[in-house]
Amino acid sequence: RPRLPKGRAPSTMAEGLSSLIAKHRSAILSKWFDCAVQSYAPDTAGFIRSQNDPFANPIGSQTRKSLEALFAELTGGMDPEGVARGLDPIVRVRAVQPLAPSQALGFVFALKAILRDTLGAGQAAAGPMAELEARIDRVGLAAFDRYMACREQIMELKANETRNRVFKAFEKAGLVAREPAPDGGA
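Residues numbered from 1 in each chain as written. Predicted model: local features only at pLDDT ≥ 70, side-chain atom pairs only at ≥ 80, totals over all residues. Heavy atoms only, no water.

Below, the discussion takes up the overall build of the protein. Counting its regular elements, the protein contains seven helices and zero strands. N-terminal to C-terminal, the α/β element order of the protein is α-α-α-α-α-α-α. Sorting the 186 residues of the protein into buried and exposed places 32% on the buried side. Sequence-distant contacts, at least 24 apart, represent 73% of the contacts inside the protein between residues at least 6 apart. (Helix = DSSP H or I, 4+ residues; strand = E, 2+ residues; numbered from the N terminus. Buried < 20%, exposed > 50% of the residue type's maximum accessible area, 1.4 Å probe, protein only. Contact = heavy atoms within 4.5 Å.)

Written as structure tokens, this is what we have:
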């Protein structure tokens, strides 16, 4: 999770940049969503983009919600719990996909280029834009931490499943016997 220094309220962006971002919010989120789904196979990405029904397309629906929540944190107070709530669903789905970490999480850092492209290089003040890009970096690092925690959990589940399967095979072959329960029961 991104950490904010203790005793200091999170800063907000300069008014000019905030109003510029608010003006282009929909376009920015649309481009960010497109970037996030590009990591999937072309037919899957097309389905995710085109299907708006949350029951028919839960990944697309959750991706949109997560990106909106993250964008609100990036352009607002950067509450660590809010960032974690925004990241968790999208990162969990990507952690089980056969994607390299750079493919799974590259969408976070791609927001920098989307902002520069949408807002124009000369329109945003350097200081506030640098602060926003630093926030994006912090969200990217938090995403990587969450991604790795999910991948570790997946590996633990796979290891436990393999161990149990091997134990059962050995038990069937008569190579191991279960120990009787301490109370003499089965």
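Okay, back to it.
With that settled, the discussion passes to the packing of aromatic side chains. Applying the stated rule across the entire model yields one aromatic pair. Pairing Trp-32 with Phe-107 gives two aromatic rings, centres 6.2 Å apart and planes at 40 degrees, and the pair type is tilted. Placement of Trp-32 in helix α2 (residues 25–37) and of Phe-107 in helix α6 (residues 101–119) is noted, with a sequence separation of 75 residues between them. Given a relative accessible area of 0%, Trp-32 falls into the buried group. (Phe/Tyr/Trp six-rings, centres within 6.5 Å; stacked < 30°, edge-to-face > 60°.)

Looking now at the pattern of salt bridges. In total, this model carries eight salt bridges according to the counting rule given. Asp-34 is the partner of Arg-49 in a salt bridge, and the nearest nitrogen-oxygen pair spans 3.2 Å. With a gap of 15 residues between them, Arg-49 in helix α3 (residues 42–50) and Asp-34 in helix α2 connect regions that are remote in the sequence. Classification of Asp-34 as partly exposed rests on a relative accessible area of 28%. The network of salt bridges with shared partners includes Asp-88, Arg-92 and Arg-146. (Salt bridge = Lys/Arg side-chain N within 4 Å of Asp/Glu carboxyl O.)

Before going further, it helps to spend a moment on helix α4 (residues 58–74). Taking 1.5 Å of rise per residue, 17 residues should cover 24 Å, and α4 covers 24 Å from first to last C-alpha, within 8% of that figure. Along α4, the residues that are buried comprise Gly-60, Ser-61, Thr-63, Ser-66, Leu-67, Leu-70, Phe-71, Glu-73 and Leu-74. (Expected span 1.5 Å × (residues − 1).)

Core analysis: the largest hydrophobic core is formed by 39 residues, its most contacted members being Trp-32, Leu-111 and Leu-115. Elements that contribute at least two residues to this core include exactly α1 (15–23), α2, α3, α4, α5 (80–95), α6 and α7 (126–172). Leaving out residues up to four positions away in the same chain, Leu-115 has contacts with Ile-28, Phe-71, Gly-120, Met-129, Leu-132 and Ile-136. (Core = buried A, V, L, I, M, F, W, Y, C linked by side-chain atoms within 4.5 Å.)

Time to look at a nonpolar patch on the surface. Judged by side-chain polarity, Val-166, Phe-170 and Leu-175 come together as a nonpolar surface patch covering roughly 290 Å² of accessible area. Tracing the chain through its elements places Phe-170 in helix α7. (Patch = residues over 30% accessible without salt bridge, like charges linked within 9 Å, V, L, I, M, F, W, Y side chains within 5 Å. Areas by Shrake-Rupley, 256 points an atom, 1.4 Å probe, with all protein chains shown as cover.)

Attention now goes to the confidence of the model for the protein. Should pLDDT be low for a region, the predicted coordinates there are not to be read in detail. Per-residue confidence for the protein averages 86 on the pLDDT scale, and 87% of its residues sit at or above 70. Per-element confidence in the protein ranges from a low mean pLDDT of 83 for α1 to a high of 95 for α2. Segment residues 1–11: pLDDT under 50, and 19 contacts once partners within four positions in sequence are set aside and those in other chains are kept. (pLDDT = per-residue confidence, 0-100.)

Between α2 and α3, the least distance of the axes is 9 Å, while the angle of their chain directions is 150 degrees. What the angle tells us is that α2 and α3 run roughly antiparallel. As α2 packs across α3, the resulting crossing turns out to be right-handed. Contact with α2, carried on its side by Phe-33, Asp-34 and Val-37, involves Ala-45, Ile-48 and Arg-49 of α3 and no other residues of that element. When grouped by side-chain class, the residues that make up the contact of α2 with α3 number four nonpolar, no polar and two charged. (Axes fitted to C-alpha atoms, helices over the stretch in contact; angles between N-to-C directions. Parallel < 35°, antiparallel > 145°, perpendicular 65-115°, else oblique. Left-handed = near helix turned anticlockwise from the far one by under 90°. Nonpolar A, V, L, I, M, F, W, Y, C, P; charged D, E, K, R; others polar.)

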